[in-house]
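Spelled out, the chains give:
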Amino acid sequence: VIVVAKHLCGVGGDDLISQSIVWDADLLVFAHCCQQNCVWDRFVGRQQFTKLGLDESEFRLLCSKTNWKSLQVLNKIGKKSYSDCQRHMYQTGAFFEQVFAAARQNYVTNVGQWSEAVSFLFCDERDTPKNIALVATREGKLPKLVERKN
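Rules of the game
Residues numbered from 1 in each chain as written. Predicted model: local features only at pLDDT ≥ 70, side-chain atom pairs only at ≥ 80, totals over all residues. Heavy atoms only, no water. Phe/Tyr/Trp six-rings, centres within 6.5 Å; stacked < 30°, edge-to-face > 60°. Helix = DSSP H or I, 4+ residues; strand = E, 2+ residues; numbered from the N terminus. Buried < 20%, exposed > 50% of the residue type's maximum accessible area, 1.4 Å probe, protein only. Lys NZ or Arg CZ within 6 Å of the ring centre and 35° of its normal. Core = buried A, V, L, I, M, F, W, Y, C linked by side-chain atoms within 4.5 Å. Contact = heavy atoms within 4.5 Å. Patch = residues over 30% accessible without salt bridge, like charges linked within 9 Å, V, L, I, M, F, W, Y side chains within 5 Å. Areas by Shrake-Rupley, 256 points an atom, 1.4 Å probe, with all protein chains shown as cover. Salt bridge = Lys/Arg side-chain N within 4 Å of Asp/Glu carboxyl O. Expected span 1.5 Å × (residues − 1). Pairing = 2+ DSSP bridges.

Tallied over the entire structure, the rule returns 8 aromatic pairs. Where F59 meets F100, the ring centres are 5.7 Å apart and the plane angle is 45 degrees; that geometry is what we call tilted. You can see F59 sitting in helix α3 (residues 56–66) and its partner F100 sitting in helix α5 (residues 84–110), a full 41 residues away along the chain. Across the pair, exposure class does not vary: F59 and F100 are buried alike. In this structure an aromatic cluster arises from ring pairing among W40, F43, F49, F59 and F100. The ring of W114 is capped by R138, whose NZ or CZ atom sits 4.5 Å from the centre of that ring.

What follows is the structure, encoded as structure tokens:
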């Protein structure tokens, strides 16, 4: 079974991961999106968040700040009129998105028992700032498409 989804919004990403485990999928590929729509009770990365000392209220706060990484803010940064505050908001949103991606990646390797998983930027942020994807495989060989470039 191969599971592929692009820009699967919020809780849909967590439901996809959970269902991929039930299906015993050999390969999982999906792009994270809209973390502001995630739900604590269905978020597969809850255990990782609690290990970091984050609870449901802090989770909701982080969810809301991931939306700072948006085309609207990116377009303002691209113009001379952006403020340092807008740049920092964008960077903060990007960091929180990476925290969500890492928690999901941790879950698929530890709970889903895929032998290898990697999160990566699948396109330039000017094409879409929601550009983090997760690939996980049970066979231990990720496609060359996602090999890291040094």
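Continuing now.
We now examine the nonpolar core. I17, L28, F30, V108 and L134 are the most contacted members of the largest nonpolar core, which totals 14 residues. Beyond its immediate stretch of four places on either side in the chain, I17 contacts L28, F30, V44, R104, Y107, V108, W114 and L134. Residues C38, F49, F59 and F100 belong to the second largest nonpolar core, which totals 11 residues.

Right, let's talk about a nonpolar patch on the surface for a bit. The grouping of V1, V22 and W23 at the surface amounts to a nonpolar patch, some 330 Å² of accessible area in total. Turning to its location among the elements, V1 is positioned in the segment before β1 (2–9).

Another aspect to go through is helix α1 (residues 11–22). Relative to the 16 Å expected for 12 residues at 1.5 Å per residue, α1 spans 17 Å between its end C-alpha atoms, a close match to the ideal helical length. Considering only its buried residues, α1 is in contact with β1, β2 (27–33), α5 and β4 (132–137). D24 occupies a position one or two residues after α1 and carries a positive phi of about 55 degrees.

To continue, consider the pattern of salt bridges. Enumeration over the complete set of coordinates arrives at 5 salt bridges. For D15, the salt bridge identified is with R42, shortest N-O distance 2.3 Å. Remark: R42 occurs in the loop between β2 and α2 (46–51) and D15 occurs in helix α1; sequence separation between them is 27 residues. With relative accessibility at 30%, the residue D15 sits in the partly exposed group. For the salt bridge of E56 with R60, the shortest nitrogen-to-oxygen distance reads 3.3 Å. Within this pair, E56 and its partner R60 are both found in helix α3, separated by 4 residues, close to a single helical turn. You can call E56 partly exposed: its relative accessible area is 35%.

On to the pairing of β4. Across the 6 residues of β4, 6 count as buried, placing the element largely inside the fold. Here β4 shows a buried face lined by I132, L134 and A136 and a second buried face lined by A133, V135 and T137. Note that β2 and β4 share 5 bridges and pair antiparallel. By the bridge assignment for β4, V29 is matched with V135. Across 6 bridges, the pairing between strand β3 (residues 116–121) and β4 is antiparallel. Bridged to E116 within β4 is T137.

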